[in-house]
Amino acid sequence: MGRSVKAVQFRYKASMKLDSLFEDFRRMCNDAIRIALREKPKNRFKLIELAYPRLKEYGLHTDYILSSCEVAYTSYRNKNRKSNPYVKRPFLKLYNKSFVLNHLLLRISTSPKNFMYLTLQGSDYHLSFIDDPNLKRRSVTITDRGVFIAFSKDVPELKTRGRIGIDLNERNVTWSDTDGETVTVDTSEIAELKGRYTAIRARIAQHTGRDGRVKRRLLRKYGERERNRTDQAWHRISKSIVNNAREKRLGMVMEKLTGIRKLYRRGNGKGRSLRGRMNSWMFREPQRQIEYKAAWEGIPVAYVLPRGTSSNCPDCGSRVVKLRDRKLYCPACDLTWDRDVLASKSIMAAVVPAARPPKRSDEGESKTQEEVGNPLSRWAEVKHDGEDHRVSRTQRLPDHPGR
Ligand SMILES: [Zn+2]
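Predicted, not measured: the structure shown is a model, and the values here were computed from it.

Now for the overall build of the chain. Of regular secondary structure, the chain possesses 9 helices and 15 strands. Buried residues in the chain amount to 37% of all 403 residues. At a minimum sequence separation of 6, the contacts of the chain that also span at least 24 residues come to 70%.

Next up on the list: the nonpolar core. Of all hydrophobic cores here, the largest spans 40 residues; its most connected members are C29, A32, A36, L47, A72, V147 and I149. Of all the elements, helix α1 (residues 19-39) adds the most residues to this core, at 8 residues. Ignoring sequence-local partners within four residues, the contact set of A32 consists of L47, A51, L55, S68, C69 and A72. Counting 32 residues, the second largest nonpolar core, distinct from the first, contains V173, I241, I290 and A294.

On to the confidence of the model for the chain, then. The predicted model of the chain has a mean per-residue pLDDT of 81, with 82% of residues at 70 or higher. Confidence, read as mean pLDDT per element, is least for helix α9 (residues 390-396) in the chain (30) and greatest for helix α2 (residues 44-56) (96). The low-confidence segment residues 260-273 (pLDDT under 50) makes 16 contacts with residues lying over four places distant or belonging to another chain. Within the model, pLDDT remains below 50 along residues 358-403, and this stretch shows 126 contacts once partners closer than five positions in the same chain are excluded.

This next bit is on the sheet that holds strand β15 (residues 335-338). As summarised here, the arrangement of the 3 strands in space is β13-β14-β15, forming an open sheet in which the pairing is antiparallel. At either margin of the open sheet sits one strand with a lone partner, and together these are β13 (321-322) and β15. Pairing geometry for β13 and strand β14 (residues 327-330), over 2 bridges, is antiparallel. Looking at the pairing, V321 lines up with Y329 of β14. Contacting β14 and β15, helix α8 (residues 339-349) crosses the sheet at an angle of about 90° to β15.

Below, the discussion takes up the pairing of strand β10 (residues 182-186). Looking at chain direction, strand β9 (residues 172-177) and β10 are connected through 5 bridges and run antiparallel. When the sheet's bridge partners are listed, N172 is paired in β10 with D186.

Tracing the chain through its elements places V5 in strand β1 (residues 2-14). Judged by C-beta crowding, with 28 C-beta atoms within 10 Å, V5 ranks as buried. With 288 residues separating them in the primary sequence, V5 and K293 have C-alpha atoms 9.8 Å apart.

Across the interface, α1 lies against α2 with an axial gap of 10 Å and an inter-helix angle of 130°. Taken together, the axis directions place α1 and α2 in an arrangement best described as oblique. Note that α1 runs across α2; the crossing there is right-handed. Of the residues in α2, those touching α1 at M28, D31, A32, I35, A36 and E39 are L47, L50, A51, R54 and L55. In terms of residue class, the contact of α1 with α2 is made up of 8 nonpolar, no polar and 3 charged.

Bringing the packing of helix α5 (residues 188-208) against helix α6 (residues 212-248) into the picture now. Viewed as axis vectors pointing N to C, α5 and α6 meet at an angle of 175°, and their least axial separation amounts to 10 Å. Judged by the angle between their axes, α5 and α6 are roughly antiparallel. Contacts between α5 and α6 involve E189, I190, L193, Y197, I200, R201, I204, A205 and T208 from the former and V214, K215, L218, L219, Y222, E226, R229, T230 and A233 from the latter. Residues that form the contact of α5 with α6 fall into these classes: 11 nonpolar, 2 polar and 5 charged.

Positive phi outside glycine occurs at R249, with the angle close to 55°. The class of R249 is exposed, set by 12 C-beta atoms lying within 10 Å. In this structure, R326 is a non-glycine residue whose phi angle is positive, near 55°. With respect to the element layout, R326 can be found in the loop between β13 and β14. Under the C-beta neighbour-count criterion, R326 is labelled partly exposed, with 15 such atoms within 10 Å.

Here is what the cut-offs are and how they apply
- Residues numbered from 1 in each chain as written.
- Predicted model: local features only at pLDDT ≥ 70, side-chain atom pairs only at ≥ 80, totals over all residues.
- Helix = DSSP H or I, 4+ residues; strand = E, 2+ residues; numbered from the N terminus.
- Buried ≥ 20, exposed ≤ 12 C-beta atoms within 10 Å, placed from the backbone.
- Contact = placed C-beta atoms within 7 Å.
- Core = buried A, V, L, I, M, F, W, Y, C linked by C-beta atoms within 7 Å.
- pLDDT = per-residue confidence, 0-100.
- Pairing = 2+ DSSP bridges.
- Axes fitted to C-alpha atoms, helices over the stretch in contact; angles between N-to-C directions.
- Parallel < 35°, antiparallel > 145°, perpendicular 65-115°, else oblique.
- Left-handed = near helix turned anticlockwise from the far one by under 90°.
- Nonpolar A, V, L, I, M, F, W, Y, C, P; charged D, E, K, R; others polar.

Here's what the structure looks like:
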């Protein structure tokens, strides 16, 4: 049994203007982060104790103090952070006991003894989450773009009868399963989007000249647009992969994004670390989508190291010879392989490292306003194994606006 979390986005109308509340909360988070960096609290309760007097000065309900300390503590504890965390964009987030959701009416506290109401707009899809008695409401995140409610459920792990290996490439996604089926989905539209927006960004830089503010605003706007469209395209693909795995009851295997992937290993003139970042940037989102959609269905997902996944024959293990047009030849089997098919079969057949025992976690979900920035997306985030993905995102994304 694992706990799976999903954030669902709603449009809303608020009974009052929220800008200053967002801004106060953002500052509270940053105050609490500063205090955490300075005092190095051992746990979140210690941070609350340390930050309480400072945060109380804002005059908001205690819910906001607890919640900003929660946001701050997870950012502070993030093992992957490279610099000091800082919350850039105004938002607010409240955990389960600090909000009441009655059908589509959301009530939150503001200052002590005062409430405000938000009317959510919901389709049948949205209502299916609100009306589902098996789902727990973990947290609510509000930004100027929407209300994001994180629901969680306990999902029994699917009893699998085979595996599916998924190979993510720049131009396609190829998956092969233990039933012998191989499917390739063309993703060149995603690569083209990337090219198109790179050109748009270059034109913006050219035409805005010295006006840094206009330039930043435009870059951010188009960066978000690109990300939304790219994520959207990946959603269609990840959904079909996960549906396929669920129907056939197959566990999923993907390559671990180690930073440098075969595609960029040599010969494109870029430094190793840049190649690495490009790679994990490109495939982190589809992997994230596949992973949480799978988690919501109880489908196990395993990762294997990319080593050898496109250099050895999946049938006999011999080293393959590179031909032109992404073809590979196995001299032992006298067989020519498509590179991506071979890779997906190798991933499927790879030895999966022993899984860690699943942990239960009662932590809230892990969204910040930055990562829920896809207004078209219903899916936003999941945490399946109790591992806290929240931190890296809370911290990392503000450093890369327009990602
Ligand atoms: Zn072979």
